[in-house]
Structure formats: structure tokens, C-alpha cells
Amino acid sequence: MMQTLLSTENRPIAIASTFIVAILLAGTVYTLSTAGTAPLLSPNYLLQQLQTGSFLGICAAGMMMVILLGHIDLSVPWTLTAAAMTATAVGGDMAIPTALAVGITVGVVNGLGVSVLRIPSMIFTLGVDTVLRGLMVAQTGGFAPQDKATPIMLFLAKERMMGIPVAIFVWAAVSVAIVVILTRTGFGRSIYATGSREAAAYLSGIRTRLVIIGAFVASGLCAAIAGVMLAGYSAKAYQGMGNAFLLPAIAAVVLGGTHILGGRGRYIGTLVGVILIVLLNSVLSIMQMPEAGRQIIYGSVIVGMLLVYGRNQRVTS
Amino acid sequence: MRVFRLKRWVMQNVGFATALLLLFVLLITYNMMHPRGFSSAVAIQNSNEAVAIIFVAMAQTLPVLLGGLDLSVGAIMTLTNCIASEVVNGSPAQMLFGAVLTLLSGSAFGLLNGCIVVYGRIQPIIATLATGAVAIGLALAVRPKPGGNVDDDLSWALTNSVYDLADTYGFADGGDAWWIRPFADIPVPILIVAIVALVVWLPFKRSVTGRTVYAIGSAEGAAYMSGLPINRAKITAFTLGGFLAACGGLYLAIQTSSGNADIQQAGAYTLNSIAAVVLGGTSLLGGSGGAIGSLVGAMILRVISFFFRILDIDPLLQPLIEGFVLLTAVSVGAFRTLRVKNKLDLFR
């Protein structure tokens, strides 16, 4: 019955959503039995979780654009860090535009390397990541640069409007932009076409090089936005601030049903994937699970979920 | 005739031949610039620092040959490093048991990866992303804090020259016997890597299973239709990858006398292993290359970092230079795209 009701594209989203409810219920049962309260179900707590999850959510949104092409962007950690560090170093009104410019530049470089030089994205973005790290170490290592977040960065990451954290509004704006691009524009359709079969897309007259560059720019831009906000949230930029976002972002995209080889996936799935990972982390920290257990559960959940709905076709010819 | 054969070999292994040439040039230049170059002491120090990344790069090669990627090799190395730091001490028999246990646990983890990829039909890159987290979790459970205890004699004997090995365990007249003299100055770590490469990798590459791994990387459908043992080859490749990563973890434990469940370190090893595999001439699309190339690629990565010590480069610039070297090295392979006549050949 489930099979017929849900298309292959929606099944992962439905299952992941069910799992989110299961996580919330399990966490609530735990807190009720130990402390007699149910903080997980309070709107305030959930909003707070979504606020901290928005950084991952924005990274994952950009990552999805690249994964839909069958590529991957391993330069997210240091793009994020570089954007945050240049933003705080520049300061003032130009802080955020500079950070976005950093993101766009990195995206263009990545896109050129992957689409024109035809170097596998896996290794090219890894190289770009290393170069960015080198640049940041060279720039900030010798002296203490200005690393304080500007007021507007603090506002974006920490303040609340109408009781809802501003960070969630930013995340929502990014999400709407991505959904519109993917479903309502030619560029979005080109991404799906190029991801399915690049040669066919090329022969149909799609300028696949521009599409690839565009997707990497989107990823760099998203990483830069996340960097600006994370710097605002922690009130400063620091080295290695982006390291914790790469693998969860990939995991969120894949858990949401986007195919890692490209061509298939819906943005709502990525959104569900991010929420799943954020809530899983928060429930595990409420349970005071040691790091070892967290990592094991985290890995097992990804494998388990994919075993349910992420299986490939068997090769038979 | 022989020249012709050499030429053909070079044409068939351009990536590997270039890497080998680059390594020789780098090594010779390094030793000429080093005040104590071409000595056993320098070779011992350098080879010690290279062993772990060499093994991890060799481990990464197998999934890459299949056309996949293993994001858990660094984590498996970390896990086995932590296990080894617990079990490799005591009597010789206990140490041997501990070493075997370490290698077995790494292989078992690789087997798990292989089963998930084959029977679970999940893409290797994403399956190993998840199992890598599990491996790190297990490593943290085995060793929550860095530390450990590995037999000092073993640590000394395996990280120095053959003479010291013989001296420590008192065979071959403590290293003075006539037949061991020609080998006395060779660093033991080089021997270990060479033995694993010759005894494990080469026979595997020539077996039906090994050839199947290459065939799957070239065209899985064709390999299937030819009746090759696809599932067996994939599972063996991942298991062997786990074994090689465990070799790296075991050696790191012996070398440092400790284990450290460091997530950052595991990630760095995984990413460097991909770089080493590409530098060594293995195609990320699968089907061509080999673990010996990755061995060379890993050594190139290490030698580049050795140069920083003698060239007196500002330490703050080192990561930047490392990054540029890596980016340039992988971009050199891109020049084939300029020679492609039919644009459709680009989209493979």
C-alpha cells in the first residue's frame, strides 16, 4: 500500500519524517522517565534547535545543488571559514558583501576546475579547500586580526523577530530561493538534466559548463552565508569553524533522498534530512550520550535509513 | 625490442611513470640539499613518517579501482591504532596475537563495508561515510583518552634499521653476521611496506578476483555479463582495504607507542589518501591504476612536506604551498582534455 501511495521520490521523505517523529517520541519518553518533563516538545526548545540547525541547513542547501549534478563540494568547510574570517576582518558595512564575494569566487574556481579542466570534483574541491586553509593560516597566523562579528551579523544569527530567531528566516529565504531555482527556472531543470546524463544534456543544447559553474557558485554562496551567520552566532570567526559541517551536510542531502550520483532529489527531502540530523544530535545530547555512542548511533542511523530506501538497482547488464 | 617494451609500458602507465619520476627527482634533490643526505638516519626518519599514509593510500586504492570511494579508511586506521595500543604488549606470543587481532579487526570492518555496499546496494562513498562514523565511535570507546602501551623493544626494532632489528632480538650475531651486512642499513619500515606490497598486493592484482576489480571499474555491466565474480571481488576489495588500513593503524601504534581516537586526524588521513591515489596515477573513475602507484603518490606527498624543514620556509606559508602543489599536481592530468577531439569524449 505504501509502495503504491508514494512515488520513489517521496518515499525517502516520508520515511525520514516518520523517523523524526520517532526520535522526538523516544527523546520525550526518556526525559519524562528521568526528569518528568518534556522539553523536546516545547516550541521554544524546537525553535532553538532549528536556530543552531540553520547553519547546517544552509550548507546542505548549497551542497544539494552540487550533488544533483553528481558532483560533490569538499571545499565547504574552509569556504565557510574563509568567508567568516574575511567578513570579520573587513568589518563595517562591507563585511557581508565581502563574505559573499569570497563564496562566489570560490564557487567560480571550483566550477571552472570541474567543468573546464574536467578534474573530478572530489579531488579538485579538496585541493581548493587546502589552498583556502593555507590562505587563512597565512593571513591570520602571524598576528591577531580583527575577528569580532559586526552588529548586523549578530542580529542575523542571534536576535529574534516576532519570537522566532532571525536565523530561521534566513534559512527559509535560502530554502525558498533554492526551491524556486530548482523547480521554476531553466537553470534548475538544466541541473537535473546535466546530473542525469551530461552528454545528453550537452547534445540537447544545454550549456553544461555554465550549469556546473552555477551550481558550485550556489554552493560557495551558501557556505559563505552559513559562515557569516556562524561567526555572528559565536560572535567571532575562528580557524576550523567549518569542519563540523561537511559530512553532516552530505549526509543530510542523501538522507533526504537525493541520489549521490546526481539527477534525482527534491529540496524538501534535504530539509527533512537536516532536521533529522539536528534533532538526532540534540536528543543524543539530552541523553548525555558520550561521543563514542553518538558517532556509532549517527553512523548506524544513516546506514539503516539508506538500507530502507536508498538502495541502488542491481547491475544485470 | 626491450626499448620498445619499455616505451609501451610507459605509454600504458603514464600517470604512474610520471609519479615515479617526480618522486625520484624530489627524493634526490631533497637528499642533496639535506646536510646529512643519503644517510641511513635520514632514510629511517623519512620512511617512518611515511608508512601510515602509504598504507592508508594503498587501502583507498581498492575502492577507487572499483569506481567508488572509501571515506572510512582514515577511521579504520584510527580504530585499529587504538586497538593495537591496547593489545600489542606482553610476551612475544601475546604481542603476535595482538597484532593479528588488530589486522583481523581492520579486515572485519572492511568486510562489513563490503557487505553493506554489495548486499545493501548503497553507494560506497555514502556507506563508508556512515561506517566511518561508526569506526570513530568504536575507537573512542576503546580509547577515550589518547595514550596506550606498546612494547618498547618492538617499537625500537621496527622503526629503525635492519641492524637495530637484529641487535634488539639478538639474531644474526646481533646484526654482525656476514649475510646481513649488505642489508644492515635498510630501514625496517621500508621493508615492511615492500613485504606487504609484494606478498599481499601483487598476488591479489594477478588473481581472478583482482582482475575482476579492474573489470568492474571499467564496465560493471560487461564484467557481469562475462560471468566474473562481481560480488566476491567487491567484498574482497573492501576487506583488503580494511586490512591495509589496519596495517597503517598497527604501524602507527608501534611507532608512537600510543593510540589516539582523533576525528580530525582520521579525516585528514582519508582526504590525503585520496590525493595520494590520484597523484599515483589511479583514475577516480575506476579501472586503471594500482596500489603501488598510491604508494608512490603518498611518498610524494610526504617528501614535499620534508622540503619545508630544509628550505626554511615560513611555517605559516606551508599549508598554502601544500595546497598549491596538490592543486597543480592534479591539474596536470587535465591536459588530456585539451587533446580531446570529440567533445563528447569529455563526458565519461
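In the block above lies the structure referred to throughout.
The shown structure was predicted, so the numbers you read here are calculated from the model rather than taken from an experiment.

Definitions and cut-offs
- Residues numbered from 1 in each chain as written.
- Chains lettered and ligands numbered in written order.
- Predicted model: local features only at pLDDT ≥ 70, side-chain atom pairs only at ≥ 80, totals over all residues.
- Heavy atoms only, no water.
- Phe/Tyr/Trp six-rings, centres within 6.5 Å; stacked < 30°, edge-to-face > 60°.
- Helix = DSSP H or I, 4+ residues; strand = E, 2+ residues; numbered from the N terminus.
- Buried < 20%, exposed > 50% of the residue type's maximum accessible area, 1.4 Å probe, protein only.
- Salt bridge = Lys/Arg side-chain N within 4 Å of Asp/Glu carboxyl O.
- Axes fitted to C-alpha atoms, helices over the stretch in contact; angles between N-to-C directions.
- Left-handed = near helix turned anticlockwise from the far one by under 90°.
- Contact = heavy atoms within 4.5 Å.
- Core = buried A, V, L, I, M, F, W, Y, C linked by side-chain atoms within 4.5 Å.

Asker: Help me understand the packing of aromatic side chains in this model?
Answerer: The description of two aromatic rings rests on the distance between their centres and on the angle between their planes. Residues and elements named next belong to chain B. Per the counting criterion, the structure on display carries 5 aromatic pairs over all chains. Ring geometry for Trp-9 and Phe-16: centres 5.9 Å apart, planes at 80°, overall edge-to-face. Between the aromatic rings of Tyr-30 and Phe-307, the centroid separation amounts to 5.7 Å while the plane-to-plane angle is 70°, which identifies the pairing as edge-to-face. With a gap of 277 residues between them, Tyr-30 in helix 2 (residues 14-33) and Phe-307 in helix 15 (residues 291-311) connect regions that are remote in the sequence. Comparing Tyr-30 with Phe-307, the two get one shared label, buried.

Asker: I'm lost on the pattern of salt bridges in this one. Help?
Answerer: Pairing of side chains with opposite charge becomes possible as their charged atoms draw close. Residue and element names in this part refer to chain B. With the rule as written, the count across this model stands at 5 salt bridges over all chains. With a closest N to O distance of 3.4 Å, Arg-302 and Glu-49 form a salt bridge. Residue Arg-302 is found in helix 15, and its partner Glu-49 is found in helix 3 (residues 40-65); the two are separated by 253 residues along the sequence. A relative accessible area of 23% places Arg-302 in the partly exposed class. Among the ionic pairs, Arg-143 bridges to Glu-86, the shortest N-O distance being 3.1 Å. Of this pair, Arg-143 sits in the loop between helix 6 (124-142) and helix 7 (152-158) while Glu-86 sits in helix 4 (residues 73-87), and the two are 57 residues apart along the sequence. The class of Arg-143 is buried, set by a relative accessible area of 10%. Members of the salt-bridge network, linked through shared partners, are Glu-49, Arg-302 and Arg-309.

Asker: Would you explain the packing of helix 3 (residues 43-68) of chain A against helix 12 (residues 246-255) of chain A in this entry?
Answerer: Helix packing geometry: the angle between the two helix axes and the distance between the axes. Residues and elements named next belong to chain A. At a minimum axis separation of 8 Å, helix 3 and helix 12 run at an interaxial angle of 65°. Seen along the crossing, helix 3 lies across helix 12 with a hand that is right-handed. Of the residues in helix 12, those in contact with Leu-56, Cys-59, Ala-60, Met-63, Met-64 and Ile-67 of helix 3 are Leu-246, Pro-248, Ala-249, Ile-250, Ala-252 and Val-253.

Asker: How should I be thinking about the nonpolar core in this particular structure?
Answerer: Ranked by size, the top nonpolar core spans 204 residues in total, and within it Ile123(A), Leu182(A) and Ile250(A) carry the most contacts. Excluding anything up to four places from it in sequence, Leu182(A) contacts Met64(A), Met65(A), Leu68(A), Gly188(A), Arg189(A), Ile191(A), Tyr192(A) and Tyr267(A). In this structure, Val162(B), Ala166(B), Ala172(B) and Ile180(B) belong to the second largest nonpolar core, which totals 5 residues.

So, to be careful, I would describe these as geometric facts and stop short of saying anything about function.
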